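Observations on the three-dimensional arrangement
Each chain, written out:
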Amino acid sequence: MKLLVIGSGKMGSAIAWNLCLHTEVNTVGLVDAYEPCLKKTAAWINSPKIKTHHIPDGDRDGLMKLMQSYDVSVAALPEIRQGNELIEDAVTAGINLVDIHAEYHRRPNELYLEGLNIPDGVSPENYGEQLHQRAVEKGITLLGCMGYAPGLSNLTIGHGIAAMDRADTAIARAGGIPAPEVAHQYPLKYMVTWCWDQTLDCVLDDTRLVKDGKIQDVPPLSEYEQFRFQHFGKDFQMEAFIAPGMESLVYTRPDLKNCYEKTIRWPGYVDAMASMKACGLFDTTPVSYKQTQIIPKDFCARVMEPKLLAKKQDPDISIMWNTVIGQTDGKPARRDYYMWVDADMKNSITSMGVATGFPAAETAIMMAQGAFSKKGILAPEDAFDDTTYHQLLKNLEPRGIVIEEVIS
């Protein structure tokens, strides 16, 4: 079995490391446009299964040719443009793909179209459907949104909906934050474990969701709530607020009256970010300063990021609490799904790397084994049935990812 990981950064390295653990995997290709990162990741994994490929950014023909030499590709690219280009390349090349990117390319979000070659006069929705139909005709599966959130959040919510006669509400809550013993050492009690610029976008961009039976865009930091997480022997006060996510479920489960995702943080984060936003520190309109033009958001992002980067050996955690509410046998029904993932300090893998990278890696192996019969551009809630859902959870348990389901 030969699997290719596209991107050798934080998530790509965790995916490749996981794949190398499997005896049925003979070769793990690792491709990146930035050669120093590629070499660093290969040296860290230190496995004879690793084969590196340096392909410059923009060499789409070279990447497609490389992808065709592997059984399944796994995408772990940081930029929206790169992810959008890759989905087109995978369809053109006729390659099975697992992607941790948050975009549901069968229904592209009008806010994130950079990199897509949409012809004049064609709507994003129609273009996404064209991509899907081309993939179906080529007999390939492109499973997107397959990481932590989106990914495990979609899977658990999809499982809860399928277990009910009727589901009305689906709420995902997920977040990556510093472990409680080190959180006080970081401003905002937040630690950068993903892409800081995209994290900032969560407090700037409106979010598409389903509320009261209608698809609508709501302002960031809305639907605020506080809650106590009391599972896996933990007991901590948390807060959550609306964030981009659940893009696919808006379309794949149209009968839901309410469907949205929230980001989990330690208390105080929302107030701090709202205050900075109100002061204009995240504005995108240039301002004049000492005979130069500065974009406040870009400047603040670069100033803040070094202060929020994880200090060596400081662990992060990934938390999830998802809720599905509906009816079964004519009676009210509810299913809650809980997860708490610690960092793998022994192998120097962040909790975010575990929670995002490992589900993608295990899914890619299942795909190479023929576990997914559906073709086209699929979301996790459509690709997995009850058998493959429980198989994935079983595969993830030894890797430190356990999902607790509570039925009420």
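What this report covers is the structure whose coordinates are included nearby.

Moving on, we come to the overall build of the chain. When its secondary structure is counted, the chain shows 13 helices and 18 strands. Taken against the 2.2 N^0.38 rule, which gives 22 Å for 408 residues, the C-alpha radius of gyration of the chain at 21 Å falls within 12% of a compact globule. Across its three principal directions, the C-alpha atoms of the chain cover 65 × 55 × 50 Å. Scored against the burial criterion, the 408 residues of the chain give a buried share of 56%. Pairs at least 24 apart in sequence give 71% of the contacts found in the chain among residues at least 6 apart.

Overall, parallel pairing links the seven strands, which are arranged β3-β2-β1-β4-β5-β6-β17 in an open sheet. The strands lining the two open edges of the sheet, one partner per strand, are β3 (50-54) and β17 (376-378). Put simply, the sheet's adjacent strands are angled 20° from each other on average, direction ignored. Pairing between strand β4 (residues 72-75) and strand β5 (residues 97-99): three bridges, direction parallel. Paired with Val 74 across the two strands is Val 98, which belongs to β5. Where helix α3 (residues 60-67) meets the sheet, its contacts fall on β1 (2-6), β2 (27-32), β3 and β4, and the angle it forms with β1 comes to roughly 155°.

By the definition in use, this model includes eleven aromatic pairs. Ring centres of Trp 17 and Phe 358 lie 5.9 Å apart, and the angle between their planes is 10°; this geometry places the pair in the stacked category. Taken together, the positions of Trp 17 in helix α1 (residues 10-20) and Phe 358 in helix α11 (residues 351-368) put the pair 341 residues apart, joining distant regions of the chain. Note on Trp 17: relative accessible area 15%, which makes it buried. Seen in terms of ring centroids, Phe 236 and Trp 266 are 5.7 Å apart; in terms of plane orientation they differ by 80°. Their pairing is edge-to-face. Highlighted residues: Phe 236 in strand β11 (residues 236-242) and Trp 266 in the loop between β12 (258-265) and α9 (269-278), separated in sequence by 30 residues. Of the residues examined, Trp 266 reaches a relative accessible area of 6% and is grouped as buried. The aromatic ring of Trp 321 is capped on one face by Arg 173, whose charged end is 3.6 Å from the ring centroid. Here the basic side chain of Arg 265 rests over the ring of Tyr 269, its NZ or CZ set 4.9 Å away from the ring centre.

What follows deals with the nonpolar core. With 53 residues, the main nonpolar core has Ile 15, Met 339 and Phe 384 as its most contacted residues. In terms of residue count, the dominant contributor to this core is α11 (ten residues). With 25 residues, the next largest nonpolar core counts Leu 66, Leu 77, Ile 95 and Tyr 127 among its residues.

Considering the arrangement of structural elements, one finds Lys 262 in strand β12. Among the polar contacts made by the side chain of Lys 262, one reaches the side chain of Glu 225 at a distance of 3.1 Å. Apart from residues lying up to four places away in sequence, Lys 262 is in contact with Ala 172, Arg 173, Ala 174, Glu 223, Glu 225, Ala 240, Phe 241, Ile 242 and Ala 243.

Looking now at the packing of α11 against helix α13 (residues 386-396). Look at α11 against α13: their axes get within 10 Å of each other, and the N-to-C directions meet at 125°. By the angle class used here, α11 and α13 are oblique. For the element pair α11 and α13, the recorded crossing hand is right-handed. From α11, Phe 358, Pro 359, Glu 362, Thr 363 and Met 366 reach across to α13, where they touch Thr 388, Gln 391, Leu 392, Asn 395 and Leu 396. Of the residues in the contact of α11 with α13, the class split is five nonpolar, four polar and one charged.

This paragraph deals with the layout of surface pockets. Over the atoms, a rolling probe the size of a water molecule traces out where space has been left empty. Here the second largest pocket is characterised by a volume of approximately 150 Å³. In terms of lining residues, the second largest pocket is bounded by Asn 154, Leu 155, Gly 158, His 159, Ala 162, Arg 253, Pro 380, Glu 381, Phe 384, Asp 385, Asp 386 and Tyr 389. For the lining of the second largest pocket, the secondary-structure elements that each account for two or more residues are α6 (152-162), α12 (380-383) and α13. Per element, the largest residue contribution to the lining of the second largest pocket is five residues, and it comes from α6. Counted by class, the lining of the second largest pocket contains five nonpolar, three polar and four charged residues.

Moving on to the pattern of salt bridges. Pairing between side chains of opposite charge can happen when their charged atoms approach one another. If you walk through the whole model with that rule in mind, you get 22 salt bridges. The salt bridge involving Arg 81 is made with Asp 57; its shortest N-O contact spans 3.0 Å. With Arg 81 in helix α4 (residues 80-93) and Asp 57 in the loop between β3 and α3, this pair connects stretches of sequence that are 24 residues apart. Given the relative accessible area of 18%, Arg 81 is considered buried. Exposure remark for Asp 57: the relative accessible area of 48% places this residue in the partly exposed category. The partner of Asp 217 in a salt bridge is Arg 208, and the shortest N-O contact between them spans 3.9 Å. On the basis of relative accessibility, which here comes to 49%, the residue Asp 217 falls in the partly exposed class. The exposure class assigned to Arg 208 is buried, which follows from its relative accessible area of 15%. A single network of salt bridges, built from pairs that share partners, joins Asp 57, Glu 79, Arg 81 and Glu 85.

Parameters at a glance
Residues numbered from 1 in each chain as written. Predicted model: local features only at pLDDT ≥ 70, side-chain atom pairs only at ≥ 80, totals over all residues. Heavy atoms only, no water. Helix = DSSP H or I, 4+ residues; strand = E, 2+ residues; numbered from the N terminus. Rg over C-alpha atoms; globule rule 2.2 N^0.38 Å. Buried < 20%, exposed > 50% of the residue type's maximum accessible area, 1.4 Å probe, protein only. Contact = heavy atoms within 4.5 Å. Pairing = 2+ DSSP bridges. Axes fitted to C-alpha atoms, helices over the stretch in contact; angles between N-to-C directions. Phe/Tyr/Trp six-rings, centres within 6.5 Å; stacked < 30°, edge-to-face > 60°. Lys NZ or Arg CZ within 6 Å of the ring centre and 35° of its normal. Core = buried A, V, L, I, M, F, W, Y, C linked by side-chain atoms within 4.5 Å. Polar contact = N/O pair within 3.5 Å; in protein donor to acceptor, adjacent residues only side chain to side chain. Parallel < 35°, antiparallel > 145°, perpendicular 65-115°, else oblique. Left-handed = near helix turned anticlockwise from the far one by under 90°. Nonpolar A, V, L, I, M, F, W, Y, C, P; charged D, E, K, R; others polar. 1 Å grid on protein atoms, 1.4 Å probe; cavity = no way out; pocket = protein on both sides within 12 Å on 5 of 7 lines; lining within 4 Å. Points joined across faces, edges and corners; volume = space filled by probe spheres on them. Salt bridge = Lys/Arg side-chain N within 4 Å of Asp/Glu carboxyl O.

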